[in-house]
Structure formats: C-alpha cells, structure tokens
Amino acid sequence: MNKKRLRISIIITSCCLVLIGAFFIIREPIDTKQVVDSTINDTTPPNEKEALEDWQIEYDRRARTEPVGSVVTKHGEFYYAPFPKQFPPEEVVSEDLSKVTKDTKQLTIRGYYYEKKQE
C-alpha cells in the first residue's frame, strides 16, 4: 500500500510541476505584450480627430493634400502651375524656401510646382 501512495504522490507532484511550469511559460509572453502595449499607450498622444467636426476634418485633409494658390517669398510671389514648364536646374528650388533667389523661376513644394509670374 505504501508503494501505491508513493506512486500517486509522485504523479500528482509531477502534474503540479508541469502545470506551474506551463503557467510561467505562458505568462511571460502575456506580460511582455502588456508592457509593450502600456508603453505604446503612454507615449501615443490621444487621437484628436475624434473631437473634430466633419467640416474640420475635411478642411484639414484639403490643407494637407491640395496645393495652395500662391507662395510668397521675399523675392516674389510664385503661383501654382498645374502644367509646369521646364526650367534649367539653377532656376528651380525644391522644398527649401531659404534657397530662393531673384533668379529663381520655379518652386517645388510637396510635389506641387509653383512658377513666378512673368512680368
């Protein structure tokens, strides 16, 4: 009878160790995911678009995706050109408005072309 109890206690102890080991093995990825999620949520600003009305969302989308009518610099005003002309590279400035000179004929900003009006 003593051998029977010893065998049952070894089986129960083995099962308990297997369950405890499985618990810790499964718990590690869950804890890691929770830490990553909480870090992302702590560093991500709240979504401001939920507080905006529909017209504000549409206005913001248009301001980010459509070209402006004109760009004013200290060397003149450049107007949007849907069909841009070809200019020599020294007369074209891309993205950096600080490089605009009086000889600049064309600007490229966010993929849109702006040309100086010929006088």
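To start, this report covers the structure provided alongside it. Every residue gets a number counted from 1 within its own chain, in the order that chain's sequence is written. In view of the model being predicted, local features appear only for residues whose pLDDT reaches at least 70, and side-chain atom pairs are presented and counted only at 80 or more, with totals across whole chains, interfaces and linings using the full set of residues. Where side-chain values are given, they derive from all heavy atoms of the structure, hydrogens and water being excluded.

## A word on the pattern of salt bridges
Two side chains bearing opposite charge may form a pair once their charged atoms approach each other closely. Salt bridges are identified by distance alone: a Lys or Arg side-chain nitrogen within 4 Å of an Asp or Glu carboxyl oxygen. Within the structure shown, the criterion is met by three salt bridges. One salt bridge in this structure joins E58 and R61, with 2.6 Å as the shortest N-O distance. Taken together, the residues span about one helical turn, with E58 and R61 both in helix α2 (residues 54-65) at a distance of three residues. Working definition: with a 1.4 Å probe on protein chains only, accessible area under 20% of the residue-type maximum means buried, over 50% means exposed, and in between means partly exposed. Using a relative accessible area of 34% as the deciding quantity, one classes E58 as partly exposed. The closest approach of N and O atoms between E58 and R62, which form a salt bridge, is 3.6 Å. Taken together, the positions of E58 and R62, both in helix α2 and four residues apart, correspond to about one turn of that helix. Residue R62 is classed as partly exposed on the basis of its relative accessible area of 45%. Within the structure, one salt-bridge network assembled from shared partners comprises E58, R61, R62 and E66. Secondary structure elements are taken from DSSP: a helix is a run of H or I of four residues or more, a strand is a run of E of two residues or more, and numbering for both begins at the N terminus.

## As for the packing of aromatic side chains
Each aromatic pair joins two rings of Phe, Tyr and Trp (for Trp, the six-membered one) with centres within 6.5 Å, and gets the label stacked for planes under 30 degrees apart, edge-to-face for over 60, and tilted for any other angle. For the structure shown, the criterion picks out three aromatic pairs. Plain terms: the ring middles of Y80 and Y114 are 5.9 Å apart, the flat faces sit at 65 degrees to each other, and that makes the pair edge-to-face. Here Y80, found in strand β2 (residues 76-80), pairs with Y114, found in strand β5 (residues 112-116); they are 34 residues apart in sequence, far enough to count as distant. Residue classification places Y80 among the partly exposed residues on the basis of a relative accessible area of 34%. For Y114, a relative accessible area of 1% puts it in the buried group. By the ring-pair criterion, three or more aromatic residues cluster together here, those being Y80, Y112 and Y114.

## Here's the deal with the sheet that holds strand β1 (residues 70-73)
With mixed pairing, the five strands of this open sheet are ordered in space as β1-β2-β5-β4-β3. Taken across any chain shown, the strands that pair with only one partner, and hence form the sheet edges, are β1 and β3 (92-94). On average, each strand axis in the sheet is tilted by 25 degrees relative to the strand beside it, whichever way the strands run. Paired strands, as defined in this entry, are two strands with at least two bridges between them according to DSSP. Here, axes are lines fitted to C-alpha atoms. For helices the fit covers the stretch in contact, and angles between N-to-C directions go from 0 to 180 degrees.

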